[in-house]
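Chain by chain, the residues run as shown.
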Amino acid sequence: LLADALIMDSGGDTHWTDSARALIKGLLLFILSADGVGAKNLNTLRDLVQREFEGQEDAETIDLLTMFKVMAQSDAFDGIVAGAGRSFAGKTQGEMRSILSTATVQTDFLSGQIAATLERSDFSLNDLKRRPMTVYLVARGTLEQYKYLEPAAFWAIGFLVAVMFLSAGGHHLP
């Protein structure tokens, strides 16, 4: 869902955007499941897509090929992380550079002031039951590209109804 929101189709051949979307999905799940990758936020994702595919090794940073090999050994998210790791480790350097280029361009908006904002969050959906607040959803693209938000919107509304029901003294959901 988040990968769909970050990587938008630009029309024409979708190979590069589909591949970038699969890369983002695999990296996000890896970030969530692995220790020592970095903070569990979009800044870490942005850092990863800007790494070299091969040949970048120092005390603090591994290249993406090495990371994909680590991902391939993961059992997180029912093997989705491992599948992504195997898939991207098997790509040629030229194809991988094109995929990374697409991912880098499409996540460029995560730089600068947005990156500073993403460093931390104090928002929780549970807070909506504690005090009134306004939630703004900021997304880019066209209305047709927001179809991916429908399931998330229905989930969020269902969650809010459940929270309100339970906080009003309900003992089980209707």
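Check the entry above for the structure.
What you see is a predicted model; the values in this text were computed from it and never measured.

Q: Describe the packing of helix H2 (residues 15–33) against helix H3 (residues 42–49), listing the residues and the values that go with them.
A: For the pair H2 and H3, interaxial distance at closest approach is 10 Å and the crossing angle is 125°. Taken together, H2 and H3 sit at an angle that is classed as oblique. Of the two elements, H2 crosses H3, and the hand of that crossing is right-handed. Contact residues: Leu 23, Ile 24, Leu 27, Leu 28 and Ile 31 in H2; Leu 42, Thr 44, Leu 45, Leu 48 and Val 49 in H3. Of the residues assigned to the contact of H2 with H3, the class counts are 9 nonpolar, 1 polar and no charged.

Q: Break down helix H4 (residues 64–71) for me, with residues and values.
A: Listed as buried for H4 are Leu 64, Leu 65, Met 67, Phe 68 and Met 71. Seen along its axis, H4 keeps its buried residues to an arc of 160°; they face one direction. For H4, the elements touching its buried residues are H2, H3, helix H5 (80–89) and helix H6 (93–106). Two to three positions downstream of the cap, the backbone nitrogen of Leu 65 sits 3.3 Å from a side-chain oxygen, assigning the N-cap of H4 to Asp 63.

Q: Requested: an account of the side chain of Thr 17, with residues and values cited.
A: Among the structural elements, Thr 17 can be located in helix H2. Every residue in contact with Thr 17, bar those within four places of it in the chain, is listed here: Ile 7, Met 8, Asp 9, Ser 10, Thr 102 and Gln 106.

Q: Any chance you could break down the side chain of Arg 46 for me, citing the residues and the numbers?
A: Tracing the chain through its elements places Arg 46 in helix H3. Only 3.0 Å separates the side chain of Arg 46 from the side chain of Thr 107, close enough to count as a polar contact. If sequence neighbours within four positions are ignored, Arg 46 has contacts with Thr 104, Thr 107, Asp 108, Leu 110 and Ser 111.

Q: Which residues make up the pattern of salt bridges, and what values do they have?
A: Counted by the stated rule, this structure contains 5 salt bridges. Between Asp 4 and Arg 21 there is a salt bridge, with its nearest N and O atoms 3.4 Å apart. Separated by 17 residues along the polypeptide, Asp 4 in helix H1 (residues 2–6) and Arg 21 in helix H2 bring together distant segments of the chain. Residue classification places Arg 21 among the buried residues on the basis of a relative accessible area of 15%. When the shortest N-O distance is used, the salt bridge between Asp 47 and Arg 51 registers 3.3 Å. Owing to a relative accessible area of 14%, Arg 51 belongs among the buried residues under this scheme. Overlapping salt bridges, with partners in common, bring together Asp 4, Asp 9, Asp 18 and Arg 21 in one network.

Q: Before we move on, could you go through the nonpolar core and cite the residues and values that matter?
A: Counting residues in hydrophobic clusters, the biggest one holds 32 residues, and the most contacted among them are Leu 23, Ile 24, Leu 27, Leu 45, Phe 68, Met 71 and Met 96. Residue assignment for this core shows that the elements contributing at least two residues are H1, H2, H3, H4, H5 and H6. Setting aside residues up to four positions removed in sequence, Ile 24 forms contacts with Ala 3, Leu 6, Ile 7, Leu 45, Val 49, Ala 103 and Thr 107.

Q: Help me get a handle on H2, residues and values and all.
A: In this model H2 runs 27 Å from its N-terminal to its C-terminal C-alpha over 19 residues, within 8% of the 27 Å that 1.5 Å per residue would give. Among the residues of H2, those classed as buried are Thr 17, Ser 19, Ala 20, Arg 21, Leu 23, Ile 24, Gly 26, Leu 27, Leu 28, Leu 29, Phe 30 and Ile 31. Buried residues belonging to H2 abut H1, H3, H4, H5 and H6.

Q: Any chance you could break down the packing of aromatic side chains for me, citing the residues and the numbers?
A: The tally for this structure, following the rule as stated, stands at 1 aromatic pair. Between Phe 68 and Phe 88, the aromatic rings sit 5.7 Å apart at their centres with planes inclined by 35°, giving tilted as the arrangement. Taken together, the positions of Phe 68 in helix H4 and Phe 88 in helix H5 put the pair 20 residues apart, joining distant regions of the chain. Using a relative accessible area of 0% as the deciding quantity, one classes Phe 68 as buried. The cationic tip of Lys 91 hangs over the ring face of Phe 88; the distance from NZ or CZ to the ring centre is 5.6 Å.

Quick notes on the rules
- Residues numbered from 1 in each chain as written.
- Predicted model: local features only at pLDDT ≥ 70, side-chain atom pairs only at ≥ 80, totals over all residues.
- Heavy atoms only, no water.
- Axes fitted to C-alpha atoms, helices over the stretch in contact; angles between N-to-C directions.
- Helix = DSSP H or I, 4+ residues; strand = E, 2+ residues; numbered from the N terminus.
- Parallel < 35°, antiparallel > 145°, perpendicular 65-115°, else oblique.
- Left-handed = near helix turned anticlockwise from the far one by under 90°.
- Contact = heavy atoms within 4.5 Å.
- Nonpolar A, V, L, I, M, F, W, Y, C, P; charged D, E, K, R; others polar.
- Buried < 20%, exposed > 50% of the residue type's maximum accessible area, 1.4 Å probe, protein only.
- Arc of directions from axis to C-beta.
- Polar contact = N/O pair within 3.5 Å; in protein donor to acceptor, adjacent residues only side chain to side chain.
- Salt bridge = Lys/Arg side-chain N within 4 Å of Asp/Glu carboxyl O.
- Core = buried A, V, L, I, M, F, W, Y, C linked by side-chain atoms within 4.5 Å.
- Expected span 1.5 Å × (residues − 1).
- Phe/Tyr/Trp six-rings, centres within 6.5 Å; stacked < 30°, edge-to-face > 60°.
- Lys NZ or Arg CZ within 6 Å of the ring centre and 35° of its normal.

Honestly, that's just the spatial picture; any functional story needs more than this.
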